[in-house]
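A look at the structure
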Amino acid sequence: MIRQQTARLAAGETDRMDNTPIPTVEWNIDPAAWVDDHGDYLFRYALVRLRDDVRAEDVVQETLLAALQHLSSYSGRATERTWLTAILKHKIVDQIRKSCKEVPFEPSDTDLSEFDPLFERPDEFKGHWSDTLSPRIWNRSPEDAVQQDEFFGVLQRCMGKLPERVAHVFTLREMNELDTEEICSLLELSTSNFWVMMHRARMSLRRCIEINWFMKAK
Amino acid sequence: MSELTIYQRITKFFRRTILRTFPSCKEIVHVISASLDRPLTLRERFLMKLHLFACKPCVRYLDQSAFVSQAIKIMDEREKLDLFAGSLSDSARSRIKSALATAS
C-alpha cells in the first residue's frame, strides 16, 4: 500500500485520476535539496534588495543554516519556499543594518542641491520647473516598458547610481514594505531625513529612466 | 469661439496666479513624493491639488513617479522568477551545500 503510494507520487501528479488532496509538504522537507530547489530564487530575492552578489550569497547561506537550526519551528502550513523567504527577509534586514553601520551617515545623503538646476528659470516664476529640464511627455509607453527585460536593466542601473543608504531606504520601503518608523529605527534616521532620502530617490530614478529609456528612440 | 478664448484666458490667469502666489514646484514636488508614501495632511492635499491644476510638469512628475514605484514592484516579482536576473554561482552553491551538510 505504501509502496503503491510512493510509486504514484514518483510518477508525478499528472497521472492522478482522483481528486484526493496532495499530501502536505510537511514530510517532504529535505534540507539537502534546498540549494537546488530554492537557492536561485532566494539569491535573486536577496540580490534585487542588496545589489551585491557576495552579500546576496552570504544571506542565502545564513538563511538556510538558520532554517536548519529551526526545522522544528516549521509548521508545514506554509510552503517550504514561503517559510525560507520569511527567514531570508529578516536576514536581509540584518545585513542592511550592518552595512549601514559600517558607512557613517553622509550629510550628502540628504543633500538635494543636485536638483537645483531643474528649478532655475530666468523669468518671474522662481522655483518652478525649468522649461528644458522639467518632466517630459514620454516617447515610449510605460505599459510596454514593463514587458521588456532591457527596461529593468536600465532601472537597475539607475538604482545603482543612488548613494548606498538612499538606495537601501528606498528598497526597504518599496519592496519589503517596512513602515517608516521601522526603517528609521533600523537605520537610526530621523523622520525628516527619511522623507528627504525617499524624495531624493524618486527624483533621481524618475529622471534617470526618463533620460535612459523613455526619451530614447526605440 | 471667442467665448472659448475668454475661458482659456481666465484659466490661464488663474494658473499663473496660483503659480505666483502659492508654493513653487520645488516645494510641491516634496509633497507629491510624500503622497506616494503616506496620507497627506489636509493642507498638503489642498496645496497639491491646487498646484496640479496649474502645473502640467508636476502632473507628469506625479504620474511618472507613481510608475517608478509600480515598476520597482514589478521588477521584484520578475527577478525572483526569471533566470535572466542571475543565479547562485557554482562556488557559492557548493559552499552552501557543504555548510548545510556540516551543520546537519
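Remember, predicted model here, so these are calculated numbers, not experimental data.

Assigned secondary structure in chain A consists of nine helices and zero strands. Seen in sequence order, chain A has helices and strands lined up from the N terminus as α-α-α-α-α-α-α-α-α. Classification of the 218 residues of chain A by burial places 31% in the buried group. Long-range pairs, those at least 24 residues apart, make up 68% of the contacts in chain A with a sequence separation of at least 6.

Residue and element names in this part refer to chain B. Taken as a whole, chain B shows an average pLDDT of 87; of its residues, 91% reach a score of 70 or greater. Least confident of the elements in chain B is helix α1 (residues 2-21), whose mean pLDDT is 82; most confident is helix α2 (residues 25-35), at 95. With pTM at 0.81, the complex prediction returns an ipTM value of 0.84.

Residues and elements named next belong to chain A. Even without being glycine, Arg51 reaches a positive phi, approximately 50 degrees. Counting through the fold element by element, Arg51 comes out in the loop between α2 (34-50) and α3 (53-69). C-beta crowding within 10 Å serves as the criterion here: with 17 such atoms nearby, Arg51 is assigned to the partly exposed category. The phi angle at Glu188 is positive, at roughly 55 degrees, despite the residue not being glycine. Its location among the elements puts Glu188 in the loop between α8 (180-187) and α9 (191-214).

Each partner contributes residues to the interface: chain A has 40 residues there, and chain B has 39 residues. Broken down by element, the side of chain A that touches chain B gets its largest block of residues, nine residues, from α2 of chain A. Of the residues in the side of chain A that touches chain B, the class split is 25 nonpolar, six polar and nine charged.

With that settled, the discussion passes to the confidence of the model for chain A. Residue and element names in this part refer to chain A. With 85% of its residues at a pLDDT of 70 or more, chain A has an overall mean of 83. Within chain A, α9 carries the highest mean pLDDT (94), whereas helix α1 (residues 2-10) carries the lowest (43). The low-confidence segment residues 1-17, where pLDDT is below 50, has two contacts with residues more than four positions distant or belonging to other chains. Every residue in residues 23-27 is under pLDDT 50, and counting partners more than four places away or in other chains gives five contacts.

About the criteria used
Just so you know, the residues in each chain are numbered from 1, in the order the chain's sequence is written. All chains are assigned letters beginning with A, and all ligands numbers beginning with 1, in the order in which they are written. Local features are withheld for residues below a pLDDT of 70 in this predicted model, meaning they are given only at 70 or higher, and side-chain atom pairs are given and counted only at 80 or more; totals for whole chains, interfaces and linings count all residues. Under the DSSP-based scheme used, a helix requires at least four consecutive residues in state H or I and a strand at least two consecutive residues in state E, with every element numbered from the N terminus. Residue burial here comes from a neighbour count, namely the number of other C-beta atoms, placed from the backbone, that lie within 10 Å of the residue's own C-beta, with 20 or more meaning buried, 12 or fewer meaning exposed, and in between meaning partly exposed. Residue pairs qualify as contacts under a 7 Å threshold applied to their C-beta atoms, which are placed from the backbone. The predictor rates its confidence in each residue with pLDDT, a number between 0 and 100. Side-chain classes are defined by residue name, with Ala, Val, Leu, Ile, Met, Phe, Trp, Tyr, Cys and Pro counting as nonpolar, Asp, Glu, Lys and Arg as charged, and the others, Gly among them, as polar.

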